Structure formats: structure tokens, C-alpha cells
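Listed below are the residues making up each chain.
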Amino acid sequence: MSINTIVEELKKNIASFEKQVQTEEIGTVISVGDGIARLSGLTKCQASEMLEFPGGTFGVALNLEEETVGSVLLGEYKHIKEGDTVKRTGRILSVPVGDEFIGRVVNPLGETIDGGKEIHSKKFYPIEKIAPGVMTREPVTQPVQTGIKAIDAMIPIGRGQRELIIGDRQTGKTAVAIDTIINQKGKDMICVYVAIGQKESKVARIVAKLKESGAMDYTIVVSAGASDPASLLYFAPYAGVAMAEYFMDQGKDVLCIYDDLSKQAWAYREVSLLLRRPPGREAFPGDVFYLHSRLLERACRRNKEAGGGSITALPIIETQAGDVTAYIPTNVISITDGQVFLEGDLFYRGIRPALNVGISVSRVGAAAQIKPMKKVAGKLKLNMAQFRELEAFAQFASDLDADTKKQIDLGQRLMEILKQPQYQPMPVANQVAIIYAVSNGLANDVPVKEVRAWETKFHEFMNKTKATLLDKIEKGEWNDEIEKELKGAIEEFKKA
Amino acid sequence: MTKNTNRQYAKALFEATKNLKGEKLYKVLEKFAGILARDHKLKQSKNIIREFVKYIKIGEGIKEIQITTARELDIKTINKIKDVFGNNVEATVSIDPSLLGGVRIRTEDKILDASLQTQLLKLKQIIA
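Parameters at a glance
- Residues numbered from 1 in each chain as written.
- Chains lettered and ligands numbered in written order.
- Predicted model: local features only at pLDDT ≥ 70, side-chain atom pairs only at ≥ 80, totals over all residues.
- Buried ≥ 20, exposed ≤ 12 C-beta atoms within 10 Å, placed from the backbone.
- Helix = DSSP H or I, 4+ residues; strand = E, 2+ residues; numbered from the N terminus.
- Pairing = 2+ DSSP bridges.
- Contact = placed C-beta atoms within 7 Å.
- Core = buried A, V, L, I, M, F, W, Y, C linked by C-beta atoms within 7 Å.
- pLDDT = per-residue confidence, 0-100.

## A look at the pairing of strand β2 (residues 36-41) of chain A
Residues and elements named next belong to chain A.
Phase 1 of the analysis: Most of β2 sits inside the fold, with 5 of its 6 residues counted as buried.
Phase 2 of the analysis: The sheet contact formed by strand β1 (residues 22-33) and β2 spans 6 bridges and is antiparallel. Bridging across to β2, serine 31 finds its partner in arginine 38.
Phase 3 of the analysis: As judged from the 5 bridges shared by β2 and strand β5 (residues 68-73), these two strands associate in the antiparallel manner. Its bridge partner being in β5, arginine 38 is matched across the sheet by glycine 70.

Structure follows, in C-alpha cells:
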């Protein structure tokens, strides 16, 4: 563009500029503190409308009362004092959305916090939206491959499902979520990881890990850190799902991880108590169920007529000393379509991921599995269930009859192959191969302690020499011929 | 039960002192101060008085506006502005040179901004 055209453009802009009286509706601050402000005036203020305080701080109107408005402040509030003027913006709280957010770390207001370029998006999505209705949905049929053998085989997750990850602190909840993100590479999935009340160092470590494994190319990280105000922690998951909805509206599949919702519930409790809403059980406000149900209902698989696309939600809940009967865990268990239960005991026994197979379920079930996985997983589940019954007798191995011994033997081998190191998700075809091999007794001659080493070598062999067979399995093909071929390949490996 | 707001005290005071004079008015005021002391509201008395004044003005249909300008205005212009808002208007006029020109009027819950400062800011936004 030459200088002349710029000048012309400017002239045009200035000429078209019209003087106009700007009217703004205002209120005054009555009291401020603890991230909460009470305002008078603002008679026409809407619920969850953004309010502009002096100094560029924004707030959200949450309580509309007869003479006052109760609002939370989304940022620094030390400079705000009694008598200050507050302006209405006329905008419901919304976040900027767009493709340019992929690969970035943002706060719940959509501002970048990774030190990179600022994002100026023109599109905004409201953070609160009513979930899609019955007529726009369809059954969940496609799998989300987590790359974790125990989950993909026994607790399959489908695109559009809501699967809770629950467990005590330090049991590997985040690890399951991060592995799942890493495994989405090349699977046409966009991931949104919402970190709520996490240490900044942990978020930095996760982002570094995702970058290292190339997963940031399809991931957005929304982070409300431990030092952010409670209001931001409360809004973070809604901001995350709003960004996800933008991609779903383009017919894409999105995976949303909320890490973790117990901290969000605490933040909401803090805000509610400060706004003087009456406390209920465990001092949570009365609508804490709605807090989570309206968020998780937005996960869905939409049908073609409604534009397609899906949002899969993996909420995380941290329990205290394994107590799943606390208020928030029971609520979220009842909302979701199943849960992955992680246990400290198993974790310390070296079974990692520390999945309790007995009480973990997925209510979508085998509908979200590829055919070969369905075939081999059925047998695996049965064997594992029988093994759990007999496990207690394992110590008296010498006094047992041959049948029981055989079952325990098989169970121990299966336990070994369900162990999996962190950050090493496995392709589904390899999962099928190894589960087939062990549950059909083809690895019975390998000592239990050497099963894992045997497995590593087996995968190497398969990837090197049987790539076409794995491809077929990956595509979901399964018949007697393929089964025979797989069996042959395993025999071949054993001979080698 | 929620605590009484300043506005409620002001309302109560207004209702109680309506049509009272002399000795009786004095007694009611004394009682009222006693109630404030009982409710630990003496600190709020300034705000309650402010609410009281506001309440009276609303009751008598007086509108309050604040006019801010860059330079001093003559009475004629001020009266013209007042007329826009009705015939029972009380205006406080202040001067803020940073407006550069024009006028900014604040009513109870609205700001009418016709200042040069805001216009220039808007122009800046459009050009940027």
C-alpha cells in the first residue's frame, strides 16, 4: 500500500466519523472486597453480563437483587473503591474463539499467557450455552482411542461420551488424560485441556510434554492457576467448552479435559459464600449439581442434520482418602456415562495405570470399540473377572487344583500386560495383538516376571514384519482368516 | 434474616419524621440515633443521611444531574441543559479541562457523554 492510499483511507475514515452523544448506563460501587463487588444502580443489568470497572478490570453480574447487584471481579481489584463508577457493556460473558488458539496457552478470558503473540479474534462464543437437545443428537459409536490398554479394552470411551476420571491425589489421573491427548495425533481430533487451580509449574510441565510429543499442534490449554481469583477458576471449564463448541460447529471432533472439577466446585463455593448465597451440604450452594450437569451436558455427538461433530468430556475429580461418597464425587459420577477409577493401593503395588477394573465402567460399552477389539476384549474381561475372584488364593498356589492354578497364572500375565508406562500410548492394533496372544494362552510359557520384556519384543517384531496385518486390524477388519494370520504371527515370533 | 440496608433506614426516618415539628421531631431523631447505635450503624450515618436526601428528592420529583465541562459555562447554557431533563432539576457543575470541549452529563444511572475527549478516543479506535 502506498502512502497516498493510506492517507486517502484515513481521510475517508475521518470523514465518515460522526459525532454522537455516547450514553452509558452506570452504577456505583457500594462495597468491594474478596473479589466481590456490590453495586447500586445498573437497573437494566442482565444476569452474567460483563461490567467494566475503572482501570480496565472486568466483572460479571451474578446476583441481581432488588436494589443492588452482586458481581465477581475477573482480575486485580485493589484499585477499586467505594463510589467508583461501573459501566454496563451489554455483553454476556463470552470468550474469543478461533483456529488461531490451537497450540496456545490461554486464560479463561481468552488472553494468551504463553508469552507468544496476542490473538485478536473477531468471533466470540458465550461461555454459558444451553446444551444440544434430544433431536440434534445421535448415539455414540466411534471410539476415542486413549492408547491405554486397560481403558481401550475394558472401559472403552466413545466420541461424545463423558467419562469421569476419579481417584485420590497422586494416582495418575492427569497422566491418563495427557496420554489420551498424546494418542490423538493423526486421529482428526482437537483437544482442549482445562487446568483449574493447578500449580503453574505443573501446567508448564504438561505443556512442555505436549510440545515434545507434538501434541500441541492440535491442543488448546486453558489455564486458571492456583493464584488466579476464584471467579476465573469457576469460569475456566465453561470457557474451555465454548472454545470446543466452535470446532464442533465446524463438524469436528473435540476432546475436552477438565482437570479438575473438584477445585472448580471449591472456587464456586467460595464465590457463592462471598455473595451470601445460602450454604447447603459441605457448605456448597444449592445449585452445585447444576454447575456440573450443565457443563457436562454440553458434551455430545451431534447428528448430520445438526451439523455433526462431537465433544467428548473427560472430567477429573480428586477424592479425599478414597471417599467417593462425598458430595461432589457422587454428583459427577451420576452425571457422567461411566468412570475410570484410580486407586492409590494399586499404584503403590506397581500396577500403573492404577486402574480398578472391578468398579470402573463405561456405560457406552462395546458400541465404541472397533470389531477386533470387541472380540478380544470380551475374553479379557471374563478372564480378569475370574482372576479377581481367585486372586486371594494366589498365595496358596501349591495347594490348588490345576484348573484354578491355570486361571491364576493367566490372570497374572494379563495383569502384567495391562501395565503401561506413562507417555507411551499404544496403537489399537498392537493392543489387540498382545491381548489376543496372552488371553489365548499363547504366552503361558513365558514366566510372569518376563512378560513385559516379552511384550516389548513382540511389538517390535509385529511392527517390523507384520505391518499389513496390523493395518487391517486398525481398520476394524476381523474374520477367521485374520485371526489365523495373527495366531500364525505369534507362533512365528515365539520360534524366532 | 438479612440486615437492614442504609436505604431502609433512610426510608424509615423519612416516614417517621413526616409532618413533625419542634419538640416531637427532636425526640424522634433522638430515638432514631438510639436505634442506629443498637444496630451498630452509627458509622453508616453519613451514608444514611445521603440516602435520606436522595429519598426526599425522589419524593418531591427533583432530578439530580452533574454537568462536567472543560470551561466555565454561563447560566443560560446551564439552564438550557437543565430544561432538557425536565423542570425540576438540580444541577451541580464542575470543570474538568481534560474533556477538551463539549459536555458530559451524569444522571442517576446514566452518563451522556458529548465531550471532545471521548469523541477523539473513538476516532482513535476507528483509525487504529
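Having seen the structure, we can now continue with the description.
## Structural notes on the environment of tyrosine 436 of chain A
Residues and elements named next belong to chain A.
Phase 1 of the analysis: Along the chain, tyrosine 436 turns up in helix α12 (residues 428-439).
Phase 2 of the analysis: Along the sequence, tyrosine 436 and leucine 486 sit 50 residues apart, while their C-alpha atoms lie 8.6 Å from each other.
Phase 3 of the analysis: When sequence neighbours within four positions are dropped, the list of residues in contact with tyrosine 436 reads Val376 and Leu486.

## A look at the nonpolar core
Phase 1 of the analysis: Ranked by internal contacts, the top residues of the largest apolar core, which has 141 residues, are Val192, Met243, Cys256 and Ile435 of chain A.
Phase 2 of the analysis: No other element matches the 15 residues that helix α5 (residues 230-248) of chain A contributes to this core.
Phase 3 of the analysis: Once residues lying within four places of it in the same chain are set aside, the contact partners of valine 192 of chain A are Ile220, Val222, Gly240, Met243, Ala244, Val254 and Cys256 of chain A.
Phase 4 of the analysis: Ranked by size, the runner-up nonpolar core spans 5 residues in total, among them Tyr9, Leu13, Ile48 and Phe52 of chain B.

## Re the environment of glutamate 60 of chain B
Phase 1 of the analysis: One can find glutamate 60 of chain B in the loop between α3 (45-59) and β1 (63-69).
Phase 2 of the analysis: C-alpha of glutamate 60 of chain B to C-alpha of asparagine 88 of chain B: the two residues are 28 residues apart in sequence and 9.0 Å apart in space.

## So, the confidence of the model for chain B
Phase 1 of the analysis: Looking at chain B, the pLDDT average stands at 84 and 97% of residues meet or exceed 70.
Phase 2 of the analysis: Interface confidence for the predicted complex, given as ipTM, is 0.75, next to a pTM of 0.89.

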